[in-house]
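Residues per chain are reported as follows:
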Amino acid sequence: MTLILSGNDYKYELEGVLKLFIPATLFNHVYSDSFYCEDDESVFARVRETKNTVLMYVICRYKGRCVRKGLLVRKNEGDTDRELCLSKLLYKALSEITGIVPKWGVLTGIRPVKRVNRWLSEGCGKDEIYNRLRNDYLCSKEKCDIAYSTAMTQKQILDGLDKKSFSLYVSIPFCPTRCSYCSFISQTLDSGRKLIPEYIDKMCREIRYTALMTKELGLTLDTVYFGGGTPTSFEAEQLGTIMKTIEHSFDMSNVREYTVEAGRPDTITEDKLRTIRANGCTRISINPQSLEPAVLEAIGRSHSVRQFYDSFELARKIGFECINTDVIAGLPNDTPETFRNTIDKLNELSPENFTVHTLSIKRAAVLNRGDKEVLKNPTDEMVEYATEVLSRSGYQPYYLYRQKNMVGNLENIGWSKKGFESLYNIYIMEEVQTILAMGAGASTKLVDHPERLERVFNYKFPLEYNKHFDLMIERKQQIKDFYTEQS
Ligand code: SF4
């Protein structure tokens, strides 16, 4: 497929729309005022200005058909978002050819709720927000509903946010084995075990250094989040060392949420759960991804369904009052029936948080090297079922994000029982609070409202992190500079 651009440079945006209809394809692009193209399949996207008018049109040649869509606007009719107009024309032409109607319309950005939150803060009401989503972006009513209700759940949390508060992210980029869909920076224990003692030592130094700096800057610790990788790949004693360092370095008296992603059930032991509970953790994730053995095998998760149930039961026994479970719609070997069974069974356990992801096939994932049969999974039907069951069971959506290359162009939604919404998940998705990151593969996000956002990157891999630690710590001076400039 060739994309021919004439009088515009909206390559990125138009490719985003093309991918909605033609996934897993590479597009060529050329600049030319002629729609002639040797490629049998092409899109010609043109913007042509005269003294008083702007003509925009697309000509799509795809699957043996040729469809043209155009729009003429007067220049004095106010600002026209040309990029959005061309995107919508392309969307309509491809919908006509393929019969596909992507539900998020041309909203290809990853944070639809951020946009809704911005409109709310500008004083827009529900009708206006729905109109914008439907008319400007061609979103379906169902997606307007989910984006709007998510924003409303977030509103009360965001309204009370203290500008001097921050969250601490602790990265443990190690896993027992690698799942086939994974694109995270995570090392298997077999290859990375020898790096761990030094990694913990350096990370504790980074924690102490950061705590001193936040004290000087007068910042207040609000939430702590251990992610990865799989934090429970570490032994109980190693987790205890990191958690105690945090407790002894920071003022913990204002911490409202403390999460450890236990993640893979094959790493969870009573000893580890008791250690993290005793050290202040209030929320954990135990993620089966699916309760269908054939699916777990296909994605290379070396745990059984039984191990998931045992871990969940153990966590309840030890006293965790907020447990999150993650599932993924669209995994290989899953069917609508087995997916429904996973949702129903997890719903019976009544976790406080329930995150429904849609499979995203990233370049770095092993799954990306296999056949693309998985793209044909009826993911939409699966996600709809989860939405229906969870809404009926009293869960409300509290964060939502989209990723590139998601099967069916859907989304990931965090559902929560009322009062159990994870603050950290909202902060990270909406980019509304500073997050100071510790460890390899993590990045600090410095936030100052309304528009200022800066990032400070740690080294990606544990080996680099251990080796170049001092250099990295020097870069953290940027945190001080950010807050000093702010004041
Ligand atoms: S547990 Fe998570 S981070 Fe680890 S390999 Fe699997 S998907 Fe990747």
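The rules we used
Residues numbered from 1 in each chain as written. Predicted model: local features only at pLDDT ≥ 70, side-chain atom pairs only at ≥ 80, totals over all residues. Pairing = 2+ DSSP bridges. Helix = DSSP H or I, 4+ residues; strand = E, 2+ residues; numbered from the N terminus. Axes fitted to C-alpha atoms, helices over the stretch in contact; angles between N-to-C directions. Contact = placed C-beta atoms within 7 Å. Expected span 1.5 Å × (residues − 1). Buried ≥ 20, exposed ≤ 12 C-beta atoms within 10 Å, placed from the backbone. Domains from an automatic or database assignment.

**Student:** How would you sum up the sheet that holds strand β2 (residues 28-31)? Please name residues and give values.
**Tutor:** Taken in spatial order, the five strands of this open sheet run β2-β1-β3-β4-β5, and their pairing is mixed. At either end of the open sheet lies a strand with only one pairing partner, and these are β2 and β5 (65-74). Strand-to-strand twist of the sheet, defined as the mean angle between neighbouring strand axes without regard to direction, takes the value 10°. Where strand β3 (residues 42-49) lies against strand β4 (residues 53-62), eight bridges are found, and the strand directions are antiparallel. Its bridge partner being in β4, Val-47 is matched across the sheet by Met-56. Of the strands in this sheet, β1 (2-6), β2 and β3 touch helix α1 (residues 11-21), which is tilted by about 145° from β1. Helix α2 (residues 82-98) rests against β3, β4 and β5 of the sheet, and its axis sits at about 30° to β4.

**Student:** Quick rundown of α2? Include the residues and the values.
**Tutor:** An ideal rise of 1.5 Å per residue puts 24 Å on 17 residues; α2 measures up with 24 Å between its terminal C-alpha atoms. For α2, the complete set of buried residues consists of Cys-85, Leu-86, Ser-87, Lys-88, Leu-89, Leu-90, Tyr-91, Ala-93 and Leu-94. Looking at the buried residues of α2, the elements they touch are α1, β3, β4 and β5. Positioned one or two residues after α2, Gly-99 has a phi angle of 80°, which is positive.

**Student:** Report on the domain arrangement of the chain, specifying residues and quantitative values.
**Tutor:** One can read the domain layout of the chain as domain 1 (2-98), domain 2 (112-156) and domain 3 (161-478). Here domain 1 and domain 2 have C-alpha centroids that lie 27 Å from each other.

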